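Geometric and topological summary
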Protein chains: 2
Amino acid sequence: MARIKPTDTTSRREIINAEAALLIRQKGFKAASMRDLATRVGVEAASLYNHIASKSELLHGICFSVAHRFMLKIEEVENKKITVLQKIEMLLRYHINEMVHHYEEVYVSDREWRHLTEPYLSDYKELRRRYRRKFAALIEQGTKQKEIKAIDAPTAVLIVLHAIGGIESWHRSKRKISTKELENNMITILIEGMANKTINKN
Amino acid sequence: MARIKPTDTTSRREIINAEAALLIRQKGFKAASMRDLATRVGVEAASLYNHIASKSELLHGICFSVAHRFMLKIEEVENKKITVLQKIEMLLRYHINEMVHHYEEVYVSDREWRHLTEPYLSDYKELRRRYRRKFAALIEQGTKQKEIKAIDAPTAVLIVLHAIGGIESWHRSKRKISTKELENNMITILIEGMANKTINKN
DNA sequence: CCTACCGATCGGTAGG
DNA sequence: CCTACCGATCGGTAGG
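Residues numbered from 1 in each chain as written. Chains lettered and ligands numbered in written order. Predicted model: local features only at pLDDT ≥ 70, side-chain atom pairs only at ≥ 80, totals over all residues. Heavy atoms only, no water.

Considering the interface of chain A and chain B
Across the boundary between the two partners, chain A contributes 42 residues, which contact 42 residues of chain B. Between chain A and chain B, roughly 3200 Å² of surface is buried when both sides are summed, and carbon and sulfur atoms account for 60% of that area. Together, R114(A), I159(A) and I189(A) form the three largest contributors to the area buried by chain A at its contact with chain B, with a combined 20%. Here chain A is connected to chain B by 4 salt bridges. Viewed at the interface, chain B and chain A are joined by 14 residue pairs in polar contact (both at pLDDT 80 or more). Those elements that place two or more of their residues in the side of chain A that touches chain B are α1 (12-27), α5 (103-111), α7 (153-165), α8 (167-172) and α9 (179-194) of chain A. When residues of the side of chain A that touches chain B are assigned to their parent elements, the largest contribution, 9 residues, is made by α9(A). Residues belonging to the side of chain A that touches chain B are distributed by class as follows: 16 nonpolar, 12 polar and 14 charged. (Contact = heavy atoms within 4.5 Å. Buried area = accessible area lost by both parts, 1.4 Å probe. Salt bridge = Lys/Arg side-chain N within 4 Å of Asp/Glu carboxyl O. Polar contact = N/O pair within 3.5 Å; in protein donor to acceptor, adjacent residues only side chain to side chain. Helix = DSSP H or I, 4+ residues; strand = E, 2+ residues; numbered from the N terminus. Nonpolar A, V, L, I, M, F, W, Y, C, P; charged D, E, K, R; others polar.)

Here it is as structure tokens:
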């Protein structure tokens, strides 16, 4: 039943990880059973434990790899010498691309992280808080420099980050516009929603 | 353990419904156990079945009552004699208020509906599709009348509806701005993100 | 990587 | 509304 065959470049562990992300996205963490996963990978349930330590380790792996990628990106963007709106646009495009190209993992880390167990749960929440604080700091800076309207920065972060979660529905719809169109539509609404019209021409 | 005591106006069934919404929101549908619920209501697990038929009936009740309220609202708004942007603003404010005042139910219907069983699952998805189609039709109409920018309507619906889901995080944060401020920040970003600047003064 | 099997927990029923 | 209990399923282990 394995949809992905192991090769020199794809280890069994990587296959398990990929199938786990897909399964957890489809059913939710609690409803995703190890027996289900084993069938998809093409082995007996007990055999999975030669490659992984536990079910929660799978969730944990997905959540932290995604969280770390986003953290690296925002730290890279922070240091660039461009306007705040350009930084935010860059982050939005990154988010959209992550959602499009690593859909299962990003979705799972976004919606299933609460099933993490301690101490990982606290670590993950802390990572998430730090990311949001950085994002809010960018928006606040933009407001101070009159690039962005006088809006509450943490609220703006919530709106923007959740708005991107909407790609989930796009991803599974049949009537798809292209990725580029999707990206541009999102940028148009969100960036122009935040931009200060008295400064930005057009 | 019952947090709510039954009175003349609050039946036991209503208490069960309210505690179920809270529990399912906190743990997710699969992880929410009937034994957990029973303890919160203050009875033995078996006793719950004198008031409800099954666990899935609880989810089903929550999802459909929320979905029907939203459907009624959009049908009311559609017929008003106001501009399209005003209609959309009205819907956004309704969404925000629902999220603020019926947080548990709205959250559950939004994130846990996939655990509905057939035929309810299909019915719910159909309701959701109809709602989105109506919303998209409004946006398209706005675009045609030059009130709204030339954006892809279904994409705009996704963005807007998911953005509102962000209130979830607001709802549980300590550092709360007021409901009115929250509402106005959201409206500012989203409505102005969609509005066509060449037409709308300000 | 498999067979065999464990203890725990689940939703739900019988019967009073 | 309770006691007692069911069959199913779960994550995980032993032992090879």
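Here the narrative resumes, following the displayed structure.
Focus: α1(A)
All names here are of chain A. Across its 16 residues, α1 extends 22 Å between first and last C-alpha, which sits within 8% of the 22 Å expected from 1.5 Å per residue. By the burial criterion, the buried members of α1 are I15, I16, E19, A20, A21, L22, L23, I24 and R25. As for α1, its buried residues are in contact with α2 (34-41), α3 (55-78), α5 and α8. Positioned one or two residues after α1, G28 has a phi angle of 90°, which is positive. (Expected span 1.5 Å × (residues − 1). Buried < 20%, exposed > 50% of the residue type's maximum accessible area, 1.4 Å probe, protein only.)

Looking at the protein's contact with DNA strand D
Taken together, 15 residues lie near DNA strand D, and R35(A), K55(A), E44(B), S47(B) and N50(B) sit nearest. Protein-adjacent atoms of DNA strand D, using a 4 Å cutoff, are sugar or phosphate at a proportion of 52%. R12(B) is positioned such that a nitrogen or oxygen atom in its side chain is 3.1 Å from a phosphate oxygen of DNA strand D. Within the contact set of DNA strand D, a base nitrogen lies 3.1 Å away from a side-chain nitrogen or oxygen of N50(B). Considered class by class, the residues forming the surface near DNA strand D number 6 nonpolar, 5 polar and 4 charged. (Near = heavy atom within 4 Å.)

Some words on the pattern of salt bridges
Within the structure shown, the criterion is met by 37 salt bridges over all chains. Between R114(A) and E112(B) there is a salt bridge, with the nearest N and O atoms lying 2.8 Å from each other. With R114(A) in the loop between α5 and α6 (120-144) and E112(B) in the loop between α5 (103-111) and α6 (120-144), this residue pair bridges two chains. By relative accessible area, which is 4% here, E112(B) ends up buried. Linking E192(B) and K149(A) is a salt bridge whose minimum nitrogen-to-oxygen distance equals 2.8 Å. Here E192(B) is found in helix α9 (residues 179-194), whereas its partner K149(A) is found in the loop between α6 and α7 on a different chain. According to the relative accessible area criterion, E192(B) is partly exposed, its value standing at 22%. Using a relative accessible area of 10% as the deciding quantity, one classes K149(A) as buried. Residues participating in the shared-partner salt-bridge network are E75(A), E78(A), R130(A) and K134(A).

Observations concerning the protein's contact with DNA strand C
Around DNA strand C sit 15 residues, and of these E44(A), S47(A), N50(A), R35(B) and K55(B) come closest. When atoms of DNA strand C within 4 Å of the protein are sorted by moiety, sugar and phosphate together comprise 53%. At 2.9 Å from a phosphate oxygen of DNA strand C is found a main-chain nitrogen or oxygen belonging to M34(B). For DNA strand C, a base nitrogen lies 2.7 Å from a polar atom in the side chain of R35(B). Class assignment of the residues belonging to the surface near DNA strand C gives a composition of 6 nonpolar, 5 polar and 4 charged.

Don't take any of this as a statement about function, it's just geometry.
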